[in-house]
Amino acid sequence: MGIKAEHPLHGRRKRSNLWLGAVLGGFVALVFAITIAKMMNGQSMEGFDHTVRYSIDPDLKPKAEASE
Amino acid sequence: MSDATLNDFGNDSQFEDYFALLKPRVMSLVVFTAAVGLLVAPVGVNPVIGFASILFIALGAGASGALNMWWDADIDAIMSRTVKRPVPNGRVTPKNAMITGLWLSVIAVGMLALTANLFAAALLAFTIFFYAVIYTMWLKRWTPQNIVIGGAAGAFPPMVGWAVATGGVSVESVAMFLLIFMWTPPHFWALSLFMNDDYTKAGVPMLTVTHGTRVTRNNILGYTVLLFVLAIGTAFTSIGGPIYLTTAVVLNVMFLIGAFKLWKREDADADGDAYAAERKFFRLSLVYLFAHFAALLGDAVLRAFDLLAAWPVVI
């Protein structure tokens, strides 16, 4: 035996939840679009991970070559 | 057989109640002026970045509105103009309005920093702070100059739009700021002339309440004269042009004539025709701002096609 939604409150909450879901989905899509736009504009997407990255910090390159 | 309910959910908050909390009509003006500020800037912006930036600026403006509705719930409940807002109407609790405002502020500023640049985000953060704290919590209930100084909050959006494109401020962005800043007092004082009872009941020190309608009418005229000079002067900056100059001349002459009519009237005249001239002036003020910024956009289009090379840029 299932419980059926009888109170108008259930309908109002469902509508509110659908709108909220749409807003959140739209936000995810927007962040994705911004990411693609920034990558296509040539913006660097590399992050720091405790290794030497000459593309992020070009000043390191001469020091590394000198030490070899 | 009806259910016996323990709780009354008649006032359960809906999504549209939270949307109303953001003052959508004010948001639409912010969106428009911020978009113009971005589009007239000499630096191009990727359409996706531009769209997202304007959206986050609008979200920031909405956050300010929510915080204002939280703080002013007591006086909103007294004024007929604002009694149907979500908080005084019981549809959204004051605590939820505050939480919504704070979180939307964080999201708007954070996302603008990631989408555009730190300067634009900092300017948006300052705008929200200025409106919520300086105007709403401090000036509004303290001084009759509340909307003169507080009007700066509404004047920042085109500067934020410009900052999204250029990363800074300039004479042109300050000119757009000043246009809205000087327009705000005549706009709101005209409103307060025919909504005076509301402000009196709520104890808000609008100029009409503290100094009377004669002083208010004098100040409307004074600010309109200053606005006239500023608005025409903007035509001779690098964002001005023939479309803007024509629009500015026509509308500022109309605005000045309207302000002069208000100045000549006494309260007896206004009571006699249900404040017809004041309401007409207020409606004109709405068209005024929209038309000026639309004209700036028109000249930006001409400039994009190299049709304004001969336009004199003096300022």
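Above this text you will find the structure in question.
As the structure is a computational prediction, the values presented were derived from the model and not from experiment.

Student: Help me understand the overall build of chain A, please; the structure alone is not making it clear to me.
Tutor: Helix and strand counts for chain A come out as two helices and zero strands. Burial statistics for chain A: of 68 residues in total, 10% are counted as buried. Accessible surface computed for chain A: about 5900 Å², of which carbon and sulfur atoms make up 63%.

Student: It is not clear to me how the environment of B:Pro158 should be interpreted in this structure. Could you clarify?
Tutor: Positionally, B:Pro158 belongs in helix H9 (residues 157-166). Look past the residues within four positions of B:Pro158 in its chain and what remains in contact with it is B:Thr33, B:Ala34, B:Gly37, B:Met176, B:Ile180 and B:Phe293.

Student: Help me understand the interface of chain A and chain B in this model?
Tutor: By convention, interface size is frequently given as the accessible area that disappears when the constituent parts associate. Contacts between the two partners involve 16 residues from chain A, matched on the other side by 17 residues from chain B. Note on chain A versus chain B: buried area summed over both sides is about 1400 Å², and carbon and sulfur give 67% of it. When the area that chain A buries against chain B is broken down by residue, the three leading residues are A:Arg12, A:Leu30 and A:Ile34, summing to 31%. Here chain A is connected to chain B by zero salt bridges. Where chain A packs against chain B, one counts four residue pairs in polar contact (both at pLDDT 80 or more). Among the residues forming the side of chain A that touches chain B, the class breakdown is ten nonpolar, two polar and four charged.

Rules used throughout
- Residues numbered from 1 in each chain as written.
- Chains lettered and ligands numbered in written order.
- Predicted model: local features only at pLDDT ≥ 70, side-chain atom pairs only at ≥ 80, totals over all residues.
- Heavy atoms only, no water.
- Helix = DSSP H or I, 4+ residues; strand = E, 2+ residues; numbered from the N terminus.
- Buried < 20%, exposed > 50% of the residue type's maximum accessible area, 1.4 Å probe, protein only.
- Areas by Shrake-Rupley, 256 points an atom, 1.4 Å probe, with all protein chains shown as cover.
- Contact = heavy atoms within 4.5 Å.
- Buried area = accessible area lost by both parts, 1.4 Å probe.
- Salt bridge = Lys/Arg side-chain N within 4 Å of Asp/Glu carboxyl O.
- Polar contact = N/O pair within 3.5 Å; in protein donor to acceptor, adjacent residues only side chain to side chain.
- Nonpolar A, V, L, I, M, F, W, Y, C, P; charged D, E, K, R; others polar.

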